[in-house]
Amino acid sequence: MVTHGSESYYVIGEGLLGTSVGGRDDSQNGAAPAAAAARATPAAAPAPPFRFSRLGPKGIGKQLGEGARKKLGAAMARAGGGSSGIPAGFTYLGQFIDHDLTFDKTTVTLGTNVTPAAMLQARSPGLDLDSLYGAGPLDPESAKFFESDGLHLKMGKTVDPVKDGFDLPRGAGSSNAQKRKAIIPDPRNDENLAVAQTHLAMIRFHNRVVDTQLGGVPAAQKFAKAREIVTKHYQWMIRTDYLPRIAKAAVVNNVFNQGRKAFEVGADPTTVPTMPIEFSIAGFRLGHAMVRANYNWNKIFDNGAGSLELLFTFSATGGDLGGDTRLASIWIADFRRLYDFGDANKPGLTVPPGKFNRAMRIDSRIVDPLQHLPPQTVGLPNSTGFNDVRRNLAFRNLERAKMVKLATGQQMANFLKNKGVNLTKLTKAQIRDGNNGADLGNLTQAQREAVLKDTPLWFYVLREAELSGGKLSGVGARIVAETFHRAMEGSTHSIVRDTTFKPSLGPNNSTFRMVDLLLFAFQGQKALLNPNGS
Ligand code: HEM
């Protein structure tokens, strides 16, 4: 079964940490436990699973008790504190990026010619779009993601009416489950319809690069060149558009311009990075706060009718495509409602404000449906009760922290300050009161005291954000920006290492945003960005 997250964490220098909160098989996941790693390929067996590291100190004696974790999880899963200014598409772009960072490429390699160095790279965080390309068209196990020319990525058809190129490619086979399974390297990108359509946009982006940018490139180098162009533009977009939307621009700029202060400082840029558990279990789970319960999805599922539940249902990992084997055309995204093309001076591609979807504010609350995740998303039996705490994403995140003895917010603040990072620690009153975020009133006095003294890192970074206008700041911004910087630095194609790179597919040589990526991918055409009409 393919599910989210890691059941256990292989932390360098510490080994395998963790126990289960849901009986899952991680063989397709970013961080495979030892058993899954051993299964992946014969060549993979001796290599460790995905490479996590610990950035800060251990939170020994600082973890919340189970009762407090449950109550805090419940307090956090109480609808969001309102919309943000961030277009809702960025939520699922974030999820796509997370899957790229945590993708374990050994799951799509036959492992025949994989060197130990490549194996290490395959199980390390990178922004190389492995979740899109797998191990590339020449790898026997990954060839299925590509057209027979070995250059274009496959796209899928929707039905009723048939439309080519508007869904992920899906399988054949005899059972309905096989037929609906997406043929993409990372099945997590079919966990909900919004991330699936984001993956499709990336496929289209690659294919347009192949069609338009490879004149004069010798045949044998065409794929590699296309991948380089796509990856560097994608990294530029993350650096200049995505990151400053979710984290304070000053911190992002400081890290990218002045360098890292805390994480793998001074590492040889070409060496393989690791992923701090503080990022994976806390910092970058910020995206959970951005998820909405309802979307004005398109003309048909309008006025909030595109519920999160339906976005799960009309995918094949989180749902079953509504019982069909292909996606119905009525579910194709209206990208104009998810991204603001007004930013790219395309007023003809905008929708009235009332139709536009904004992400929920980054704060210490998540929307109600996330406390009742589809059981299959977290590897639980379908019979699992609706209110089972293991279905609550907030509780799961807190549980993971306890599992690995993650440092608390206070420990990380001290740690980063000692490394020379300029930040102000939250006071107890700020952690208690926040700013229209989770209400700690349902915790007992003792539980609340424990939360204020030793604050779980995920909660801490969300409180920081809600006190800073809905953007990561302080501890959260630093952890996220430094991890991204290192992951980009250590990627095979890297705009951090290649400082001469300038984007060529946007309006000028310093601008390439997600709207520019989409305009290029969908040829600037309304009929492609929104085939269901206004
Ligand atoms: C509807 C949308 C989403 C759902 C249903 C979802 C669900 C999940 C689940 C079930 C886990 C594993 C929890 C566990 O540890 O047991 C997880 C992990 C995680 N999620 Fe999400 N998530 C969503 C969106 C996002 C977004 C938007 C981001 C970031 C921008 C994000 C970042 C992460 C990270 C960093 C992890 C841990 C690493 C990993 O396994 O990928 N998620 N998510």
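Residues numbered from 1 in each chain as written. Predicted model: local features only at pLDDT ≥ 70, side-chain atom pairs only at ≥ 80, totals over all residues. Heavy atoms only, no water.

Below, the discussion takes up the overall build of the protein. Each helix and strand counted, the protein has 20 helices and 10 strands in total. The C-alpha radius of gyration computed for the protein amounts to 22 Å, which stays within 12% of the reference 24 Å derived for 534 residues, consistent with globular compactness. For the C-alpha atoms alone, the extent of the protein along its principal axes is close to 65 × 50 × 50 Å. Buried positions account for 61% of the 534 residues belonging to the protein. (Helix = DSSP H or I, 4+ residues; strand = E, 2+ residues; numbered from the N terminus. Rg over C-alpha atoms; globule rule 2.2 N^0.38 Å. Buried < 20%, exposed > 50% of the residue type's maximum accessible area, 1.4 Å probe, protein only.)

When only protein atoms are considered, the iron atom of the ligand has one donor, His288 (NE2), at a distance of 2.2 Å. With respect to the helices, strands and loops of the structure, His288 is situated in helix H11 (residues 287-290). (Donors = N, O, S within 2.8 Å, 3.2 Å for Na, K, Ca; no water.)

The next point concerns helix H13 (residues 393-403). Since the α-helix advances by 3.6 residues per turn, residues separated by three or four positions end up pointing in the same direction. Burial of H13 is extensive: 10 of the 11 residues sit out of reach of the surface. Residues of H13 that are buried make contact with strand E1 (9-11), strand E2 (15-17), helix H2 (66-76), helix H10 (277-281), H11 and helix H17 (457-466). Measuring from the side-chain oxygen of the N-cap residue of H13 to the backbone nitrogen of Ala394 gives 2.9 Å; that N-cap residue is Asn392. Backbone geometry just downstream of H13 places Lys405 in the positive-phi region, at approximately 50°. (Contact = heavy atoms within 4.5 Å. Polar contact = N/O pair within 3.5 Å; in protein donor to acceptor, adjacent residues only side chain to side chain.)

Right, let's talk about the packing of aromatic side chains for a bit. Each aromatic ring pair is specified by the distance between its two centres and by the angle formed by the two planes. Counted by the stated rule, this structure contains 17 aromatic pairs. Ring geometry for Phe90 versus Tyr339: centroids 5.0 Å apart, planes at 75°, classification edge-to-face. Here Phe90, found in helix H3 (residues 89-102), pairs with Tyr339, found in the loop between helix H12 (308-313) and strand E10 (358-360); they are 249 residues apart in sequence, far enough to count as distant. Both residues of the pair, Phe90 and Tyr339, belong to the buried class. Pairing Phe279 with Phe284 gives two aromatic rings, centres 5.1 Å apart and planes at 10°, and the pair type is stacked. For Phe284, a relative accessible area of 9% translates into the label buried. Counting every residue linked through ring pairs, the aromatic cluster contains Tyr242, Phe279, Phe284 and Phe484. The ring centre of Phe166 lies 4.8 Å from the NZ or CZ of Arg204, which sits over that ring. The side chain of Arg208 reaches across the aromatic face of Phe520, ending 5.8 Å from its centre. (Phe/Tyr/Trp six-rings, centres within 6.5 Å; stacked < 30°, edge-to-face > 60°. Lys NZ or Arg CZ within 6 Å of the ring centre and 35° of its normal.)

The next thing to look at is the pattern of salt bridges. The final tally for this structure, using the stated rule, is 32 salt bridges. Arg170 is the salt-bridge partner of Asp167, the closest N and O atoms lying 2.7 Å from each other. Each member of the pair, Asp167 as well as Arg170, is classed as buried. Between Asp241 and Arg245 there is a salt bridge, and its shortest N-O distance comes to 2.8 Å. With Asp241 and Arg245 both in helix H8 (residues 222-246), this residue pair falls four residues apart, about one helical turn. Sharing partners across several salt bridges, the network here consists of Asp302, Asp334, Arg336, Arg337 and Lys355. (Salt bridge = Lys/Arg side-chain N within 4 Å of Asp/Glu carboxyl O.)

Further remarks concern the confidence of the model for the protein. Where the model shows low pLDDT, its predicted coordinates should not be examined in detail. With 92% of its residues at a pLDDT of at least 70, the protein reaches an overall mean of 91. Every residue in residues 23-46 is under pLDDT 50, and counting partners more than four places away or in other chains gives 70 contacts. (pLDDT = per-residue confidence, 0-100.)

Our focus in this paragraph is the packing of H2 against H13. At their nearest, the axes of H2 and H13 sit 8 Å apart, and the two run at 140° to each other. Considering the angle they form, H2 stands oblique to H13. As for how H2 packs across H13, the hand of that crossing is right-handed. Taking contact as the criterion, the partners of Arg69, Lys70, Leu72, Gly73 and Met76 in H2 are, on H13, Ala394, Phe395, Leu398, Glu399 and Lys402. Its residues placed into classes, the contact of H2 with H13 shows five nonpolar, one polar and four charged. (Axes fitted to C-alpha atoms, helices over the stretch in contact; angles between N-to-C directions. Parallel < 35°, antiparallel > 145°, perpendicular 65-115°, else oblique. Left-handed = near helix turned anticlockwise from the far one by under 90°. Nonpolar A, V, L, I, M, F, W, Y, C, P; charged D, E, K, R; others polar.)

Within the secondary structure, Asp516 sits in helix H19 (residues 514-521). In this structure Asp516 comes out as buried when scored by relative accessible area, which is 6%. Leave out the neighbours within four places in its chain, and Asp516 touches Ala344, Gly506, Pro507 and Thr511.

On to the packing of H3 against H8. Viewed as axis vectors pointing N to C, H3 and H8 meet at an angle of 130°, and their least axial separation amounts to 12 Å. Taken together, H3 and H8 sit at an angle that is classed as oblique. In terms of crossing hand, the pair formed by H3 and H8 is left-handed. For the pair H3 and H8, the contacting residues are Phe90, Leu93, Gly94, Phe96, Ile97 and Asp100 in the first and Tyr234, Met237, Ile238, Asp241, Tyr242 and Arg245 in the second.

For the rest of this paragraph, the subject is the side chain of Asp241. On the basis of relative accessibility, which here comes to 6%, the residue Asp241 falls in the buried class. Engagement of the side chain of Asp241 in a polar contact is seen with the side chain of Arg245, the distance being 2.8 Å. At 2.8 Å, the side chain of Asp241 forms a polar contact with the backbone nitrogen of Met514. With residues near it in sequence (within four places) discarded, Asp241 still touches Phe90, Trp236, Arg513 and Met514.

Before going further, it helps to examine the environment of Asp164. Mapped onto the fold, Asp164 is located in strand E6 (residues 163-167). You can call Asp164 exposed: its relative accessible area is 52%. Separated by 210 residues in sequence, Asp164 and Pro374 place their C-alpha atoms 29 Å apart.

As a further point, take H8. Its 25 residues place the ends of H8 35 Å apart at the C-alpha level, agreeing with the 36 Å of an ideal helix rising 1.5 Å per residue. Judged by how many residues are buried, H8 sits mostly within the fold: 19 of 25 residues are covered. (Expected span 1.5 Å × (residues − 1).)

Here we take up the environment of Arg239. Assignment of secondary structure puts Arg239 in helix H8. For the pair formed by Arg239 and Phe284, sequence separation is 45 residues and the distance between their alpha carbons is 15 Å. The contact partners of Arg239, leaving out residues within four places of it in the chain, are Pro244, Val252, Asn253, Phe256, Asn257, Met488 and Ile495.

As paired elements, strand E5 (residues 156-158) and E6 share three bridges and run antiparallel to each other. Bridge pairing in E6 places Gly156 opposite Asp167. Between the antiparallel neighbours E5 and E6 lie four residues, among them Asp160 with a positive phi of about 55°. (Pairing = 2+ DSSP bridges.)

Moving on to unusual backbone geometry. In this chain, Asp160 is followed by Pro161 through a cis amide linkage whose omega measures -5°. Considering the arrangement of structural elements, one finds Pro161 in the loop between E5 and E6. For Leu129, which is not glycine, the phi dihedral falls at a positive 60°. The residue Leu129 is located in the loop between helix H4 (116-122) and helix H5 (130-133) in this model. Residue Asn436 is not a glycine yet carries a positive backbone phi of 60°. We classify Asn436 as partly exposed; its relative accessible area is 48%.

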